[in-house]
Amino acid sequence: MSQASAVEKPSLRATRALLAICFFLSGGAGLVYEVLWSRHLHLLFGSTTESVAAVLATFMAGLGLGGHLLGRTADRSRSPMRLYGLLEIGVGLYAFLTPALLVAAQHIYAAAAPHLAPGGAAQTLLKLALAAIVLVPPATL
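This report concerns the structure included in the present document. Here the structure is a predicted model, which is why all the values come from computation and not from measurement. (Residues numbered from 1 in each chain as written. Predicted model: local features only at pLDDT ≥ 70, side-chain atom pairs only at ≥ 80, totals over all residues. Heavy atoms only, no water.)

## A few points about helix α4 (residues 121-140)
- When the terminal C-alpha atoms of α4 are compared, their 26 Å separation across 20 residues agrees well with the 28 Å that a helix rising 1.5 Å per residue should span.
- The principal kink in α4, of about 35 degrees, is found at Val 134, preceding the proline Pro 137 by one to four residues.
- Within the span of α4, buried status applies to Gln 123, Leu 126, Lys 127, Leu 130, Ala 131, Val 134, Leu 135, Val 136, Pro 138, Ala 139 and Thr 140. (Helix = DSSP H or I, 4+ residues; strand = E, 2+ residues; numbered from the N terminus. Expected span 1.5 Å × (residues − 1). Bend = angle between axes of the 7 residues up to and from the residue. Buried < 20%, exposed > 50% of the residue type's maximum accessible area, 1.4 Å probe, protein only.)

Set out below in structure tokens:
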């Protein structure tokens, strides 16, 4: 065994361990985002069931959209880890905007809701649309 290959193995192991930690933390952050979004949407919707359903639906839609829009780009990327890092930075930056976007969604809903039948399909669609506008971009990233 050459000295160069002996040096590369611990470095490769350390890199893999660091990546595993990053992926773990990223997944944990995603779960935290989902819980926070659900709680904020509960305030908007007044129903835990509707808020969790909206978060789940928009999160899955965002994941699918991200795979569709960025899948080929990631496959052709010379540095997929760099692309992944940039997408994670995008999610983090978007997290700073989320509270303001949720407040804006509340104002829009409060202005529109009196003109809609309580508990009707139009009101539910408005809630889902507002949730999608706020949540699909970070889920896509």
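## Thoughts on the packing of helix α3 (residues 80-112) against α4
- As a packed pair, α3 and α4 sit with axes 8 Å apart at the nearest point and diverge in direction by 165 degrees. Overall, the two elements α3 and α4 adopt an arrangement that is roughly antiparallel. The element α3 and its partner α4 pack so that their crossing is right-handed. Of α4, the residues touching α3 (which contributes Val 91, Tyr 94, Thr 98, Leu 101, Leu 102, Ala 105, Ile 108, Tyr 109 and Ala 112) are Gln 123, Leu 126, Lys 127, Leu 130, Ile 133, Val 134, Pro 137 and Pro 138. (Axes fitted to C-alpha atoms, helices over the stretch in contact; angles between N-to-C directions. Parallel < 35°, antiparallel > 145°, perpendicular 65-115°, else oblique. Left-handed = near helix turned anticlockwise from the far one by under 90°. Contact = heavy atoms within 4.5 Å.)

## Considering the environment of Leu 126
- For Leu 126, the location among the structural elements is in helix α4.
- Sequence spacing of Leu 126 and Ala 112 is 14 residues, and the spatial spacing of their C-alpha atoms is 8.6 Å.
- Ignoring any residue separated from it by four or fewer positions in sequence, one finds Leu 126 in contact with Tyr 109, Ala 112 and Leu 116.

## With respect to the environment of Gly 64
- Note that Gly 64 resides in helix α2 (residues 48-76).
- In sequence terms Gly 64 and Ser 79 are 15 residues apart; their C-alpha atoms lie 22 Å from each other.

## Details of the layout of surface pockets
- In this structure, the largest pocket spans a volume of roughly 530 Å³.
- Leu 63, Glu 88, Val 91, Ala 139 and Leu 141 are, among the 29 residues lining the largest pocket, the residues nearest its centre.
- Those elements giving two or more residues to the lining of the largest pocket turn out to be α1 (3-45), α2, α3 and α4.
- Residue contributions to the lining of the largest pocket peak at ten residues, all from α1.
- Of the residues that constitute the lining of the largest pocket, the class distribution is 18 nonpolar, nine polar and two charged. (1 Å grid on protein atoms, 1.4 Å probe; cavity = no way out; pocket = protein on both sides within 12 Å on 5 of 7 lines; lining within 4 Å. Points joined across faces, edges and corners; volume = space filled by probe spheres on them. Nonpolar A, V, L, I, M, F, W, Y, C, P; charged D, E, K, R; others polar.)

## Focus on the packing of aromatic side chains
- Counted by the stated rule, this structure contains three aromatic pairs.
- Judged by centre distance (5.8 Å) and plane angle (10 degrees), the rings of Tyr 33 and Trp 37 are stacked. In this pair, Tyr 33 and Trp 37 are both assigned in helix α1, four residues apart and thus about one turn of the helix distant.
- Take Tyr 33: its relative accessible area is 24%, and that puts it in the partly exposed class.
- On the numbers, 6.3 Å between centres and 55 degrees between planes, the contact of Trp 37 with Phe 59 is tilted. Taken together, the residues Trp 37 in helix α1 and Phe 59 in helix α2 connect sequence positions 22 residues apart. The residues Trp 37 and Phe 59 share a single accessibility class, namely buried.
- Members of the aromatic cluster, joined through ring pairs, are Tyr 33, Trp 37 and Phe 59. (Phe/Tyr/Trp six-rings, centres within 6.5 Å; stacked < 30°, edge-to-face > 60°.)

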